[in-house]
Amino acid sequence: MDRVVEYVGPTGTGKPYARLTLNSPHNRNALSEALVGQLHQGLRDAANDSAVRVVVLGHTGNTFCAGADLSQRSAQASTDPAEEAAERSREMAALLRAIVESPLPVIVAVDGHVRAGGMGLVAACDIAVAGPRSTFAFTEARIGVAPAIISLTLLPKLTARAAARYYLTGEKFDAAVAADIGLITLAAEDVDAAVATLVADIGRASPQGLAASKALTTAAVLAGFDRDADRLAAESARLFVSDEAREGMLSFLEKRPPRWASPGNDAGQ
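The model shown is predicted, which means the values in this text are computed figures rather than measured ones. (Residues numbered from 1 in each chain as written. Predicted model: local features only at pLDDT ≥ 70, side-chain atom pairs only at ≥ 80, totals over all residues. Heavy atoms only, no water.)

### Comments concerning the overall build of the chain
Secondary structure summary: the chain contains eleven helices and ten strands in total. Taken over C-alpha atoms, the radius of gyration comes to 18 Å for the chain, in line with the 18 Å a tight globule of 269 residues would show. Taking all 269 residues of the chain together, the buried fraction comes to 50%. Taking the contacts inside the chain whose residues are at least 6 apart along the sequence as the reference set, 71% of them involve residues at least 24 apart. By element, 54% of the accessible surface of the chain is carried by carbon and sulfur atoms, the whole surface being about 12,500 Å². Where the 26 positive side-chain charges of the chain centre and where its 31 negative ones centre are 3 Å apart. (Helix = DSSP H or I, 4+ residues; strand = E, 2+ residues; numbered from the N terminus. Rg over C-alpha atoms; globule rule 2.2 N^0.38 Å. Buried < 20%, exposed > 50% of the residue type's maximum accessible area, 1.4 Å probe, protein only. Contact = heavy atoms within 4.5 Å. Areas by Shrake-Rupley, 256 points an atom, 1.4 Å probe, with all protein chains shown as cover. Lys, Arg positive; Asp, Glu negative; His and termini not counted. Charge placed at Lys NZ, Arg CZ, Asp CG, Glu CD.)

Listed below in structure tokens is the structure:
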């Protein structure tokens, strides 16, 4: 299997952190089965390394994550599309939970575009730093679905007014706005320098202290997973196999407006 998530541990960085890098530029780091599986494995590898105090999640290319891999969904035949969609929703919920539940702090370093499911990854991380090339957008409604599963990590972070605006409009916003509404921790001109400072500070803490402190900040989010994950996975699956979603995803892949788009508008991401 091709490596679409690169793992570098402390021996490779010379610092007390592990770096996970999304490296699938051909599909803009979309959430393929390979990427999701390898990201899971990277988190486990980091947690099992006693030298690691913090995980830094980054990316290659000008896109951090474009969201669901729509081409993979389109290409795969299934006797039960609804069950396939439900399984993918459960996999995404499990990935987000793995980040939240990890005993290690996870810092996400973004200097590129973030869309749809990628927004959930950003919100799942404990600290998020974004640079001047970053743009963000919830594009789900434009293809006939909704940010259902990723709401598990997003709604505890975003202000209610911001969630309503950006979920519904799908408009793009920059790192400064993302910081204002709670999606990210810090908008920085130099992402690497900002992350290096955070890593140095975290590196002064003990493993026990870090794990216990992180658990205090994630308890309410994990309670939301326990309460809502199954319901949201079912809702996500229902939307993904609907006629509107099929039209929305097909129009995206064919680079044309969907049937419901107003003249002059499209569902472009």
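### Let's talk about the nonpolar core
Ranked by size, the top nonpolar core spans 59 residues in total, and within it Phe64, Leu121, Phe136 and Leu183 carry the most contacts. Formed by 13 residues, the second largest nonpolar core is a distinct cluster that contains Ile107, Ala109, Ala188 and Ile202. (Core = buried A, V, L, I, M, F, W, Y, C linked by side-chain atoms within 4.5 Å.)

### Points about the sheet that holds strand E2 (residues 17-22)
What the six strands build is an open sheet, ordered E1-E2-E3-E5-E7-E10; its pairing is mixed. Of all strands in the sheet, those bounded by a partner on one side alone are strand E1 (5-8) and strand E10 (186-187). Strand direction decides the pairing type here: E2 and strand E3 (residues 54-59), joined by six bridges, are parallel. The residue bridging Thr21 from the neighbouring strand is Gly58, located in E3. (Pairing = 2+ DSSP bridges.)

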